[in-house]
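Inside the fold
The primary structure of each chain is shown beneath.
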Amino acid sequence: MKETLLDANFPRDAQGRTYHVGTKPGEVANRIITVGDHTRARRIATNFDGPPLFESESHRKFLTITGLFKGVPITVVSIGMGFSLVDFFIREVRAVLQGDMFVVRLGSCGSLSQDAPIGSVVVPLQSVGVLQNYDAFLEDAANPAADAARCYHITKPLPADAVLHRALVDALKARLPPAQESVFGGRQPSVVDNLVNASTDSFYSSQGRTTPFFEDRNSALIERIQAHGVSTFEMETYLLSHLARSHNRAVHTATDGEMRVAAAQIVFANRTTAAFVTPAEVEVLERWAGGAVCEALVAAEISAERLHPKGVWS
Ligand code: R1P
Ligand code: URA
């Protein structure tokens, strides 16, 4: 942080830049792709019509890149991992953007299902949240099934936006990369569009990973989560859907704009076979899916009065 902040309730500097994401009005487009890391963000930006029109890395490492895709303004934001960073990202970008806010997450995930092998991209229909109940860890351990039920709360599912979900599936299928001998044993990547995802508050305990160093009480957790129909694990999508719902219930006028959210998740890890993608495979998958998420977002219509009026793209 370089400048003095002005408002303790919603801190911004004199130029209107928010405290953590560090952008001001006109730097973020109405169509946004969010990712976890800078490499993926930059790979997606290679699909832009030309060099980015705007790029900034905040002191908290949020990387924002805005450019044009097929003439349409689009922004990629790399946020890092987990629920709290989703919250910073969504609230601070909403504060600098007028009109609709359409957000697609292009993330990675772990798979619990044969139907979502490594090399597939999952476009989940719904996500649940898996949240630790810290107070329950203060009670005596009972038995694994009871501990999993007490110590980990599984929320009700929230749906992906139907329009963005359809657009993502169509764009991914239209751009499927051909089978190559060097990746996935010559198998062509696939698109899986009908699964339930779980977004967890830890990569480790609440995804059922075990360790001798912590009392996580999670040995029966995966079974319990699977009983909710879950096939994939990641750490952000549920909160994106929750915040979109919360936003759309709070805004009152037609011109305030609406928030729509969906996700595409590249299967990096298979929890049933312990397999993990190679860096070469990640590059193939991110280039394919990166182009597809740009296509999907520009296919989603936003009316002129719901577009941010002026920006680096004007
Ligand atoms: C964990 O390794 C991270 O990878 C997944 C999870 O959601 C979590 O953020 O997504 P990203 O690759 O988008 O970060
Ligand atoms: N991201 C996750 O959150 N979990 C995995 O197993 C792989 C990627």
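How each quantity is defined
- Residues numbered from 1 in each chain as written.
- Chains lettered and ligands numbered in written order.
- Predicted model: local features only at pLDDT ≥ 70, side-chain atom pairs only at ≥ 80, totals over all residues.
- Near = placed C-beta within 6 Å.
- Helix = DSSP H or I, 4+ residues; strand = E, 2+ residues; numbered from the N terminus.
- Nonpolar A, V, L, I, M, F, W, Y, C, P; charged D, E, K, R; others polar.
- Core = buried A, V, L, I, M, F, W, Y, C linked by C-beta atoms within 7 Å.
- Buried ≥ 20, exposed ≤ 12 C-beta atoms within 10 Å, placed from the backbone.
- Contact = placed C-beta atoms within 7 Å.
- pLDDT = per-residue confidence, 0-100.
- Pairing = 2+ DSSP bridges.
- Axes fitted to C-alpha atoms, helices over the stretch in contact; angles between N-to-C directions.
- Parallel < 35°, antiparallel > 145°, perpendicular 65-115°, else oblique.
- Left-handed = near helix turned anticlockwise from the far one by under 90°.

**Thoughts on the site of ligand 2**
Near ligand 2 the following residues occur: Ser108, Cys109, Gly110, Phe203, Gln207, Phe233, Glu234, Met235, Phe268 and Ala269. Every element with two or more residues in the shell around ligand 2 is listed here: β5 (101-111), β12 (230-234) and β13 (259-270). Considering every element that reaches the shell around ligand 2, the biggest residue donor is β5, with three residues. Residue classes in the shell around ligand 2 are distributed as six nonpolar, three polar and one charged.

**A look at the nonpolar core**
Ranked by internal contacts, the top residues of the largest apolar core, which has 80 residues, are Ile33, Val104, Leu168, Leu172, Ala264 and Val293. Counting residues per element, this core draws most heavily on helix α7 (residues 279-299), at eight residues. Setting aside anything within four residues of it in sequence, one finds Leu172 in contact with Val121, Val123, Val191, Ala264, Ala289 and Ala292.

**Some details on the site of ligand 1**
The full set of residues close to ligand 1 is Val35, Gly36, Met81, Gly107, Ser108, Phe203, Glu234, Met235 and Glu236. Considered class by class, the residues forming the shell around ligand 1 number four nonpolar, three polar and two charged.

**A look at unusual backbone geometry**
A positive phi angle, near 50°, is found at Lys70, a position not held by glycine. Secondary-structure assignment places Lys70 in the loop between β3 (63-69) and β4 (72-78). The phi torsion at Ala274 lies on the positive side, around 70°, for a residue other than glycine. By secondary structure assignment, the location of Ala274 is in the loop between β13 and α7.

**Details of the confidence of the model for the protein**
In the predicted model, the protein carries a mean pLDDT of 95, and the fraction of residues at 70 or more is 98%. Both confidence scores are given for the complex: pTM 0.96, ipTM 0.99.

**Overview of the pairing of β5**
Most of β5 sits inside the fold, with eleven of its eleven residues counted as buried. Of the pairings in the sheet, the one linking strand β1 (residues 31-35) to β5 comprises four bridges and is parallel in character. Across the sheet, the residue bridging to Ile33 is Val104, located in β5. Across eleven bridges, the pairing between β5 and β13 is parallel. By the bridge assignment, Arg105 is partnered in β13 with Ala263. The pairing of β5 with β12 spans two bridges and is classified as antiparallel. Each residue of the ladder has a partner; that of Ser111, found in β12, is Thr232.

**Topic: the packing of helix α1 (residues 38-45) against α7**
At their nearest, the axes of α1 and α7 sit 9 Å apart, and the two run at 60° to each other. The pairing of α1 with α7 is recorded here as oblique in orientation. In this structure, α1 meets α7 at a crossing whose hand is right-handed. Residue-level contacts link Arg40, Arg43 and Ile44 of α1 to Glu286, Arg287, Gly290, Val293 and Cys294 of α7. Per-class residue counts for the contact of α1 with α7 are three nonpolar, one polar and four charged.

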